[in-house]
Amino acid sequence: MISTTDVIDEGRAVRIRWRDGTEARFHAFWLYDNSPAPAIRDPGNGQRLITIDQVPLALRVTQAEAADNGVTVVFAGDAEPVHFDGAWLHRHIYDHAKPLTQTTLPEHTEPWDGELSHQLGVHRFDEITTDAQAKRAWLTDIRRWGVTRLSGMPVRPGAVAEVARLFGYVRETNYGPVFQVRAEVSPTNLAYTNAGLQAHTDNPYRDPVPTLQLLACLENSVDGGMSVVVDGFKAALVLADEAPDDFRLLRDHAARYEYAGQAGVRLTARRPMIEVGPDGMLGQIRFNSRSVAALTDIPYARMEAYYGAYRHFSEIIDRPQMQVAFRLAPGELFIVDNRRVLHARSTFGGAGNRLLEGCYADVDGLYSTLSALEAETGEQAA
Ligand code: FE2
């Protein structure tokens, strides 16, 4: 797969050309830091055995040759050549110019709007629990869209946590390991709300926020009460397109969030509504008007513009064409990536009950399970 290798810049780097036409340079120190040699990386657990001060930046390569579907490199002062796998190097190319100012999406993600209704399938509990490819397809949806649906799960309290344990771990909070979202419609009892809730991300008053939310339906006999999801990344891209200044205001100033609705609980966080990495990659959306505290980190001169930007973002999120709506039946569940996808509930009425059970979990465990499944089940698209 590798056609040629050249030692360049007086040994400070190696240039590799693959048969597919790809060409990339790798610094000698970078190769040394990522060397698979047993003195550098533990062959058992794969962990690095050296620290950064043992990586000499002036290191030179004296020889680099294509061999065994990879490159064999000799570092100056080292007698033992080191073999780098060609596919590994190809996957870890960093020799490309990325524009630093452009807003980008994380790897493997795709932005979506209401059109996703036609593509977002419903996975089956009996299949994901018995077939690795089906489980992989289910988890791939979360990574790609930030939302996935499941049907045919047991209709019993606690089942939502069993689903979380299929890929990771429940994140327990002050609401408990599992919480119930009950709203009863009864003319004699107005205490339970049937009001709609604007699309929001959960718990922005935590830092870090729970990165996944699972909501399972135990009962839904009301009229309406649709579940709605909105891609916050897409909404941020729309905002950046329609009003770059509004996008920058929400990105560049910290908002504040709080929750103190229970005795002994005073949760607060100070984070921007749109969080972007230093290279322009979208990181996280926090949008929840019920939990925004008094905003005090925006200068007086920009506060009015900030509120304008906040309202603009809200108006984009509320657009019907941004939303995917579905009705959960008992035994159905959806998961959202709470860093990205907002969820909502439409107003409902009539007789009947609506009982959902939810739990939080974290995306690191899900991604780990998905990566292991990918390694196990091969490269074919799930
Ligand atoms: Fe919520």
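Right above here is the structure, for reference.
Residues numbered from 1 in each chain as written. Predicted model: local features only at pLDDT ≥ 70, side-chain atom pairs only at ≥ 80, totals over all residues. Heavy atoms only, no water.

A few words on the nonpolar core. The tendency in soluble globular proteins is for nonpolar side chains to be buried side by side. Of all hydrophobic cores here, the largest spans 30 residues; its most connected members are L250, I274, Y306, F313 and I317. Looking at this core, the elements that each hand over two or more residues are β14 (227-231), α6 (232-242), α7 (244-252), β15 (255-259), β18 (282-285), α8 (300-318) and β21 (341-345). For this core, the element with the highest residue contribution is α8, accounting for six residues. Counting 24 residues, the second largest nonpolar core, distinct from the first, contains L139, M153, L214 and L370. (Core = buried A, V, L, I, M, F, W, Y, C linked by side-chain atoms within 4.5 Å. Buried < 20%, exposed > 50% of the residue type's maximum accessible area, 1.4 Å probe, protein only. Helix = DSSP H or I, 4+ residues; strand = E, 2+ residues; numbered from the N terminus.)

Before going further, it helps to spend a moment on the layout of surface pockets. Taken as a whole, the largest pocket spans an internal volume of roughly 710 Å³. Along the wall of the largest pocket there are 28 residues; nearest its centre are V181, L197, H200, D202 and R290. Looking at the lining of the largest pocket, the elements with two or more residues in it are β10 (179-184), β11 (197-200), β12 (212-220), β15, β21 and β23 (353-361). Counting residues per element, the lining of the largest pocket draws most heavily on β10, at five residues. Split by residue class, the lining of the largest pocket holds 13 nonpolar, nine polar and six charged. (1 Å grid on protein atoms, 1.4 Å probe; cavity = no way out; pocket = protein on both sides within 12 Å on 5 of 7 lines; lining within 4 Å. Points joined across faces, edges and corners; volume = space filled by probe spheres on them. Nonpolar A, V, L, I, M, F, W, Y, C, P; charged D, E, K, R; others polar.)

Take the environment of F179 next. Structurally, F179 can be placed in strand β10. For F179, a relative accessible area of 13% gives the class buried. For the pair F179 and Y360, spaced 181 residues apart in the sequence, the C-alpha separation amounts to 9.3 Å. Those residues in contact with F179 that lie beyond four places of it in its chain are Q213, L356, E357, G358, C359 and Y360. (Contact = heavy atoms within 4.5 Å.)

The subject of this paragraph is helix α4 (residues 132-145). The end-to-end C-alpha distance of α4 is 20 Å, a good match for the 20 Å that 14 residues give at a rise of 1.5 Å each. Of all 14 residues making up α4, 11 are buried, and the element is well covered by its neighbours. The distance from a side-chain oxygen at the start of α4 to the backbone nitrogen of Q133 is 3.2 Å, and the residue carrying that oxygen is D131. One or two steps after α4, the chain reaches G146, where phi turns positive at roughly 80°. (Expected span 1.5 Å × (residues − 1). Polar contact = N/O pair within 3.5 Å; in protein donor to acceptor, adjacent residues only side chain to side chain.)

As summarised here, the arrangement of the three strands in space is β1-β2-β3, forming an open sheet in which the pairing is antiparallel. In this open sheet, the two edge strands, each paired with only one partner strand, are β1 (2-8) and β3 (23-27). Averaged over all neighbouring strand pairs, the angle between strand axes comes to 20°, with direction disregarded. By the bridge criterion, five bridges tie strand β2 (residues 13-18) to β3 in an arrangement that is antiparallel. Its bridge partner being in β3, V14 is matched across the sheet by F26. (Pairing = 2+ DSSP bridges. Axes fitted to C-alpha atoms, helices over the stretch in contact; angles between N-to-C directions.)

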